[in-house]
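What follows is each chain in one-letter form.
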There are 2 protein chains.
Amino acid sequence: MDKNHTASVLIDLSAAIVSVRGDQPVCLTVPDVSEHQTPGLPFGPFYPDRHRTMEIGLRQWVIEQTALDIGYVEQLYTFGDRGRRSEGPEGGDSQNEEEHIVSVGYLALSKQCPQPDQWSEWYKHFPWEDWRNGRPNILNQQIIPYLEAWSGSDELRRLRLQQVFGFPDKAWNDEFVLDRYELMYEAGLVWEAYADGRQKEKISTQNGITMQLDHRRILATAMSRLRAKLKYRPVVFELMPSAFTLTHVQKTTEAILGAILHKQNFRRQLAKNELVEPTGQMSKARGRPAELFKFKHDESQSTNLPGLRIPLGKSRNF
Amino acid sequence: MDKNHTASVLIDLSAAIVSVRGDQPVCLTVPDVSEHQTPGLPFGPFYPDRHRTMEIGLRQWVIEQTALDIGYVEQLYTFGDRGRRSEGPEGGDSQNEEEHIVSVGYLALSKQCPQPDQWSEWYKHFPWEDWRNGRPNILNQQIIPYLEAWSGSDELRRLRLQQVFGFPDKAWNDEFVLDRYELMYEAGLVWEAYADGRQKEKISTQNGITMQLDHRRILATAMSRLRAKLKYRPVVFELMPSAFTLTHVQKTTEAILGAILHKQNFRRQLAKNELVEPTGQMSKARGRPAELFKFKHDESQSTNLPGLRIPLGKSRNF
DNA sequence: CTCTATTATGCTCAAATTGAGTATAAATCC
DNA sequence: GGATTTATACTCAATTTGAGCATAATAGAG
């Protein structure tokens, strides 16, 4: 329409590169150069005349910078500038008008995670998302009371609170990581809201370790997507070594979901979907040795295989 | 890294604006200005200093250009330049290096579709995707024989053919619209492959009406996403008027899925999930009058409501 | 060498969900 | 008034799920 508006932008590709170390899901971060100690996600520019697609561009700088073998890559979302954070109602309009940046977020999965100090644990950034040891204390002690006060008698806010946090009488849904983060942002419960000027006072509690710019939001998007995908596509195996025990698969799944699963039912699904086959070898550890399995459909694109239905059980609210 | 590469791009926002007219899903198209008669999806540039987010930018030019009320909007995928088509292995490298364009694809749903000539029926572009009258002839008569010849003795190709088209002995999966399109593109079975120079000879049959650039690919992405979403989120109601019969909901769902559903089971799901409530009024048409219902959760964001499990039945392969 | 802790694996069983019907009701069209 | 059309109620077997008990195979302690 009108040509007197800038339409030219720079594109950068941000990646939530996820792996599982022990029983903790981790995410590759780069150290902060500025004053604060906040980590950030790795990112790099996209040169359209150098790389045919953005995914190729992404793989390129990930290899160059991290020497990591990322197998699975999936585009998450494209965020259009202005504050580079949540897309809430009011945005900080105090940008300098020089160059606009659009950032394309990616989720990548890696089987290994060398250099432990560069990988940051998910649940340090999102402590309320790990339910493996029961309902996290931070919810009842901090988040819920604050959010309830925030919603007051606003019908819409209460509805969202119920939907997204399951409060007071609905079940917790592990996939709503992004929705919960956004609600907390909106309510001024996370540090980023203060940094963006949406919140007057600095909140007293941390509510998880902050990240640079909107990176925590991208990580939340990645978590949501991965948790959802796990339930209908066999992506767990992108995080497993070539041979593994069934318990190992379960522990990895549980780590990502932040929830404990029923062992026998989990294995029943694995068996029914014929996703793994025995290698013949056995693992040696404490207790009875377990059979070692391998993923049946390596090499070729397993992108649209049926995946394992995860037995989440019934009682998911306390 | 190196600064001697262009990193500046233009962004355009393309939209697959979907509605249902009668029993046909339709998509808003703009007429072709060039020699061919190929329609295209509406698109517009994104001005980062004018619109805070891309979604706002999108809504803006949609309102300006079409005077349509689009309720539901969802980002689909961001395509990075170079040919502006499928992201297959070889891309046409004969681009002029002036200005690069990144296009962000959106899916939008509209309850009405005025000006019938501007709306193009899905299944004219994808005739193999409509199974409501049984398995489409075009599959057995054209597509499958060609694809089988194409795959030859290539194990990987045969595997994909089975995965994506269910040939020879697996079930058809209605969600793999994009995968099927991409496979056909790769095999040179759609006109776009010829236009991109991936295919030497012009194929004899049309295999669905072509669209400009990579627009048919974007539409395929939209169809895949919508078909998938329908099964776990109550998005159908974004396509329904304020009052409707249960059969109307079912017909709309069937139109999008391209499949017939079991009536009683469909209604059972609707009832169980408590998504609709009676208005008290009755519809008048041929046959016994049906009760008119309305969606329970209008106004507020129904984005993450459970949605209706769709009873797709067992025998989905012929 | 036996007991115990630990992990793996096999099997059961009731409850819930799903797929696929049949039967009946209420309107219009001719 | 009967055929046609559409709506709605109800049934029932098969399958899937949630939740559990029982047993097997190892390492380490005493």
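These notes cover the structure that comes with them. This is a predicted model, so every value here is computed, not measured.

### Details of the packing of helix α3 (residues 137–151) of chain B against helix α4 (residues 155–165) of chain B
Residue and element names in this part refer to chain B.
Part 1 of the reasoning: Where α3 contacts α4, the axes come no closer than 9 Å and their chain directions differ by 150°. Judged by the inter-axis angle, α3 sits roughly antiparallel to α4. Seen from above, α3 lies across α4 with right-handed handedness. Contacts between α3 and α4 pair Leu-139, Ile-143, Ile-144, Leu-147, Glu-148, Trp-150 and Ser-151 from the former with Arg-157, Arg-158, Leu-161 and Phe-165 from the latter.
Part 2 of the reasoning: Taken together, the residues of the contact of α3 with α4 break down into seven nonpolar, one polar and three charged.

### Digging into the environment of B:Leu178
Residues and elements named next belong to chain B.
Part 1 of the reasoning: Mapped onto the secondary structure, Leu-178 falls in helix α5 (residues 177–186).
Part 2 of the reasoning: For the pair Leu-178 and Ala-222, spaced 44 residues apart in sequence, the C-alpha to C-alpha distance is 8.5 Å.
Part 3 of the reasoning: Those residues in contact with Leu-178 that sit more than four places away from it in its chain are Arg-217, Ala-220, Thr-221 and Ser-224.

### Brief notes about the pattern of salt bridges
Part 1 of the reasoning: Enumeration over the complete set of coordinates arrives at 34 salt bridges over all chains.
Part 2 of the reasoning: A:Arg157 is the partner of A:Asp154 in a salt bridge, and the nearest nitrogen-oxygen pair spans 3.8 Å.
Part 3 of the reasoning: With a relative accessible area of 30%, A:Arg157 lands in the partly exposed category.
Part 4 of the reasoning: Of the charged contacts, one joins B:Glu74 and B:Arg225 as a salt bridge, the two residues approaching to 2.6 Å between their closest N and O atoms. With B:Glu74 in strand β4 (residues 70–80) and B:Arg225 in helix α7 (residues 215–229), the pair connects residues that are 151 residues apart, well separated along the chain.
Part 5 of the reasoning: Connected through salt bridges with shared partners, the residues A:Glu74, A:Arg225 and A:Lys229 form a single ionic network.

Rules of the game
- As a convention, each chain's residues are numbered from 1 in the sequence order in which they are written.
- For naming, the first written chain is A and the first written ligand is 1, with later ones following in the order written.
- For this predicted model, a pLDDT threshold of at least 70 governs which residues receive local features, and a threshold of 80 or more governs which side-chain atom pairs are given and counted, while totals over whole chains, interfaces and linings are taken from all residues.
- Side-chain numbers come from the whole structure's heavy atoms, not from hydrogens or water.
- For every element, the axis is a line fit to its C-alpha atoms; helices are fit only across the contacting stretch, and the angle between N-to-C directions ranges from 0 to 180 degrees.
- Numbering of helices and strands starts at the N terminus; helices are DSSP runs of H or I of at least 4 residues and strands are runs of E of at least 2.
- Roughly parallel covers angles under 35 degrees, roughly antiparallel covers those over 145, roughly perpendicular covers 65 to 115, and oblique covers all other angles.
- By convention, the crossing between two helices is left-handed when the near helix turns anticlockwise from the far helix through less than a right angle, and right-handed when the turn is clockwise.
- Here, two residues are considered to be in contact whenever any of their heavy atoms come within 4.5 Å of each other.
- Gly counts as polar in this scheme, as do all residues outside two lists: the nonpolar Ala, Val, Leu, Ile, Met, Phe, Trp, Tyr, Cys and Pro, and the charged Asp, Glu, Lys and Arg.
- Here, a salt bridge means any side-chain nitrogen of Lys or Arg that lies within 4 Å of a carboxyl oxygen of Asp or Glu.
- With a 1.4 Å probe rolled over the protein chains alone, any residue whose accessible area is under 20% of its type maximum counts as buried; one over 50% counts as exposed, and the rest are partly exposed.

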